[in-house]
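Single-letter residue listing:
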Amino acid sequence: MASFIIKSAHFRCVARTGRLISEHRTRKTLCSDRSYATEVDNRVPKIYTKTGDKGFSSTFTGERRPKEDHIFEALGNTDELSSAIGLAREFCLDKGHTFTDQLDKIQCILQDVGSNIATPRSSARESHIKKTKFTAQPITDLETWIDNFTKELSPLTNFILPSGGKSSAALHLARTVCRRAERSVAPVVRSGEADPDVAKFLNRLSDYLFTVARYAAMKEGNEEKIYKRPE
C-alpha cells in the first residue's frame, strides 16, 4: 500500500483529478502528517494550478486526458465515497461507536485506491507501478470485520430500507456511493489499467458498509425499516 507526499503544485488534484502522489516517497505509514512545502521553499502553496482550465487533467504517469475520461470518472466516484464515509463517521462519533477507527483506515485505503487508478498501466513505467501497487490485505481485513459484526446481528430475513438512525442511514448512503464507484472502476480494471484487487476491495467495502450500518442501528437501539409492498 502506498502513502506519498504530494507535490504542492498537485495538491488540488487529490480531490479533483486523482493526481494523488508525487515522485518522492517519504513515509510508509498510513495517513501520516504531510507537509506540502519543501525545505527550500516555505511559501504556502496555492490550491489552484489552472492546468485543468481547458478540460484536461494529468494522470500520475504524466498523461493528459479529458476530464470526462473513465479514469477521472472512477477517481471522482472514489473521492465522493471517501467524503460520504467521512460524513457517516461524524454521526458515528457522536454516538460513540467503536468502529470509527475502521472508517478512518478505509478512508486512507481509498487514497491508495485512487493512486492505483490514477496510474493507468498503458502509460506507466515500472517505477510508477511499484509505487502504486494495491495489495489484497485490505480485502481480508474487511472480511474479518464483516464476519465479526455479523456474529452479533440477527439473521437477515427481509429486505431492509436505509434507516435505523442517522449513523445507519449515512452508512447506507455511503454504501450506495460505493456501488457506483465499483461500477465505474470495473471497466478500468477489465481494460488492464488498474489492479484487480481495487475492484475487489470496493465490492467487499459495500458489503462492509451494509453490515456496519445494521450494526450501528442495533447498538443505538433503533429499528430498521422493513420493506413492505405498498397496498
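As annotated in an unreviewed UniProt entry, the chain carries the name Corrinoid adenosyltransferase MMAB and is attributed to Seriola dumerili. We quote the UniProt Sequence similarities (unreviewed entry) comment for the chain here in full: "Belongs to the Cob(I)alamin adenosyltransferase family." Under the UniProt heading Subunit (unreviewed entry), the note attached to the chain is "Homotrimer."

This part covers the overall build of the chain. Scanning the chain for helices and strands turns up 7 helices and 4 strands. Here the chain holds 231 residues, and 46% of them are scored as buried. With an accessible surface of roughly 12500 Å², the chain has 52% of that area assigned to carbon and sulfur atoms.

Another point: helix α3 (residues 100-117). Along its 18 residues, α3 runs 26 Å from first to last C-alpha, staying within 8% of the 26 Å computed at 1.5 Å per residue. Burial of α3 is extensive: 14 of the 18 residues sit out of reach of the surface.

Here the focus is the pattern of salt bridges. A full pass over the atoms with the stated rule returns 13 salt bridges. Taking the shortest distance from any N to any O, the salt bridge between Glu80 and Arg180 comes out at 2.9 Å. Of this pair, Glu80 sits in helix α2 (residues 70-94) while Arg180 is found in helix α6 (residues 166-190), placing the two residues 100 residues apart along the sequence. A relative accessible area of 37% means that Glu80 is categorised as partly exposed. Here Arg180 falls in the partly exposed class, since its relative accessible area comes to 29%. Ionic contacts of the salt-bridge type, sharing partners, join the residues Arg65, Asp69 and Glu193 into one network.

Taking 1.5 Å of rise per residue, the 25 residues of helix α7 (residues 196-220) would be expected to cover 36 Å, and the 37 Å separating its terminal C-alpha atoms lies within 8% of that figure. Positive phi shows up at Gly221, right after α7, with a value of about 75°.

Moving on to the packing of aromatic side chains. Under the defined criterion, the tally for this structure stands at 6 aromatic pairs. Centroid distance Phe99 to Phe149: 6.1 Å. Interplanar angle 85°. Geometry classified as edge-to-face. Linking Phe99 in the loop between α2 and α3 with Phe149 in helix α5 (residues 137-152), this pair joins segments that are 50 residues apart in sequence. One exposure class covers both Phe99 and Phe149, and it is buried.

A general trend in soluble globular proteins is that nonpolar side chains are found buried together. Core analysis: the biggest nonpolar cluster contains 45 residues, and Leu81, Phe99, Leu171, Phe201, Leu205 and Tyr208 have the highest contact counts within it. Not counting residues within four places of it along the chain, the set of residues in contact with Leu171 comprises Ala88, Cys92, Phe99, Leu103, Leu209, Val212, Ala213 and Ala216.

Averaged over the chain, the pLDDT score is 84; the fraction of residues at 70 or greater is 82%. Contacts of residues 1-38 to residues separated by more than four positions or lying in other chains number 95 contacts, the stretch itself having pLDDT below 50.

On to the environment of Asn158, then. For Asn158, the location among the structural elements is in the loop between α5 and β3 (160-161). In the structure, Asn158 is positioned 70 residues away from Lys228 in sequence and 9.3 Å away in space, judged by C-alpha atoms. Here the side chain of Asn158 touches Thr157 through a polar contact of 3.2 Å, side chain to side chain.

Cut-off values and rules
Residues numbered from 1 in each chain as written. Predicted model: local features only at pLDDT ≥ 70, side-chain atom pairs only at ≥ 80, totals over all residues. Heavy atoms only, no water. UniProt positions renumbered as here; feature names shortened; annotations may be inferred. Helix = DSSP H or I, 4+ residues; strand = E, 2+ residues; numbered from the N terminus. Buried < 20%, exposed > 50% of the residue type's maximum accessible area, 1.4 Å probe, protein only. Areas by Shrake-Rupley, 256 points an atom, 1.4 Å probe, with all protein chains shown as cover. Expected span 1.5 Å × (residues − 1). Salt bridge = Lys/Arg side-chain N within 4 Å of Asp/Glu carboxyl O. Phe/Tyr/Trp six-rings, centres within 6.5 Å; stacked < 30°, edge-to-face > 60°. Core = buried A, V, L, I, M, F, W, Y, C linked by side-chain atoms within 4.5 Å. Contact = heavy atoms within 4.5 Å. pLDDT = per-residue confidence, 0-100. Polar contact = N/O pair within 3.5 Å; in protein donor to acceptor, adjacent residues only side chain to side chain.

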